[in-house]
Amino acid sequence: MPAGLRRLVAGTAVALGLLAGVGSPALAAGSKSSQLPIPLPIPVPPGSDSGPAPGGYQQNDGKGFWNILPSGENGLANGPQLAAFLTTGQRPPHSNDQLAMYGDLVYATPGLTAADIPKYFKDASFGVKDGDVERRYSPRSDVTIVRDKGFGVPHIYGSTRAGAMFGIGYATAEDRLFFIDVLRHLGRAQLSSFAGGAPANRAFDEEQWQVAPYTEKDLEDQINKFPRYGADGVMLHDDLVKYVAGINQYISEAKLDPTKMPGEYIAINKPLGPDPWKGTDVVATAALVGAIFGKGGGGELNDAAVLQAAQKRFGLKRGLRVWKDFRSANDAERPTTVHKARFPYELTPKKIARGSLAIPDRGSFKELDTASGNTSSTSASASSSGIGGLLRFPGAMSNALVVSGAESQSG
């Protein structure tokens, strides 16, 4: 997976919950229905506060946890806010107020102590201190969301498990609606058709399709099989239904209230915003997460083709030696950071079990070009509007080191 994509995903809770940076939801026993249809959103008056009373600061909390979200809790920039940023540089509230803390961490060593943690990480306790409530609201009657003044983090209280899951979905959409829309398209290898056919977007699509080429039926089958795992599977299915309903509740509100709609949709010629969410969107995003963090290997087929080519040219034994010389496995000459320690990796077993060596039939391997050369009208329109750069995802690693040519020459 391209290195820049690693910054697209911070983690998941119910596949997407942690993208909202939510605290641990207060859960109560809820429904275990395996009903497939997604409940229709129920309009709630703005500022409604009809939900359960929130608990106090650190009530039912494990205590002692700290975290940081450098990109900021708030990932929403509506049309006016996006215009203000492009003209004046002004950012929406809570969009980057954690960045400086985390950025300063690199200057705190050596000498960093436990007492210094609050300088670089924020309190991750569940619940909000008295006087630190920025906003309290209930998107429906069985859930209350409280956001703190310091960083705008949502603390979600559900009087039922269903309410808590609904609240997680709603808060996720509040903070990351456009971002999770990107993820569900990329999980299907459809980022180019959504955000434009820039080379980086096509490369993301190509690599995702190579790793997880799921059809829509494949995604649906994964959901339909949840009940096979007994009570836990039924509960997971019901959690998914309620979580998706929370996202769709917010989408319905955003279509009626432009201040809730991310301005990026205008940039990609989708002023009406996203299509409703589906359970398969969560599975597609989970496939993307798996492709980034759970992928191991992936180049076996290409390696096998190289081995066959080497053996064809140099003979079976010599060709195998040539292939092993180029193979990325355990390298005895590679330096390690632990003195006089060995870390064997991908060692060939002394005795290979009969039938366990998978080699394709000679001549049967054909490279498939999964990338499309077409550039969609979306990309052209975004570029012509002057904000196309916002839709080009990073291609560098998060810890990249940049050295100017002038300095390197003078040095």
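Notes on the structure follow. (Residues numbered from 1 in each chain as written. Predicted model: local features only at pLDDT ≥ 70, side-chain atom pairs only at ≥ 80, totals over all residues. Heavy atoms only, no water.)

Moving on: helix H4 (residues 161-186). Compared with the 38 Å implied by 1.5 Å per residue over 26 residues, the 30 Å span of H4 between its first and last C-alpha is markedly short. Maximal helix bending in H4 amounts to about 95°, located at arginine 176. In terms of burial, H4 is largely enclosed, as 25 of its 26 residues are buried. (Helix = DSSP H or I, 4+ residues; strand = E, 2+ residues; numbered from the N terminus. Expected span 1.5 Å × (residues − 1). Bend = angle between axes of the 7 residues up to and from the residue. Buried < 20%, exposed > 50% of the residue type's maximum accessible area, 1.4 Å probe, protein only.)

Strand order across the open sheet formed by three strands is S3-S4-S5, with antiparallel pairing between neighbours. In this open sheet, the two edge strands, each paired with only one partner strand, are strand S3 (133-140) and strand S5 (154-158). The average angle at which neighbouring strand axes cross in this sheet is 20°, direction not considered. Bridge count between S3 and strand S4 (residues 143-148): five bridges; the pairing is antiparallel. Residue valine 133 lies in a different strand from S4, and its bridge partner there is aspartate 148. (Pairing = 2+ DSSP bridges. Axes fitted to C-alpha atoms, helices over the stretch in contact; angles between N-to-C directions.)

Taken as a whole, this structure holds 14 salt bridges when the rule is applied. A salt bridge links arginine 184 to aspartate 181, with the shortest nitrogen-to-oxygen separation between them at 2.6 Å. In this pair, arginine 184 and aspartate 181 are both assigned in helix H4, three residues apart and thus about one turn of the helix distant. With respect to burial, arginine 184 and aspartate 181 carry one shared label: buried. (Salt bridge = Lys/Arg side-chain N within 4 Å of Asp/Glu carboxyl O.)

As a further point, take unusual backbone geometry. For residues that are not glycine, phi is negative in most cases, and the peptide bond is trans in most cases. The omega torsion across threonine 109 and proline 110 is -5°, close enough to zero to call that bond cis. With respect to the helices and strands, proline 110 occurs in the loop between helix H2 (99-103) and helix H3 (117-120). For asparagine 269, which is not glycine, the phi torsion reads 60° and is therefore positive. Along the chain, asparagine 269 falls in the loop between helix H9 (264-267) and helix H10 (279-293).

Purely spatial values, then, with no claim about function.
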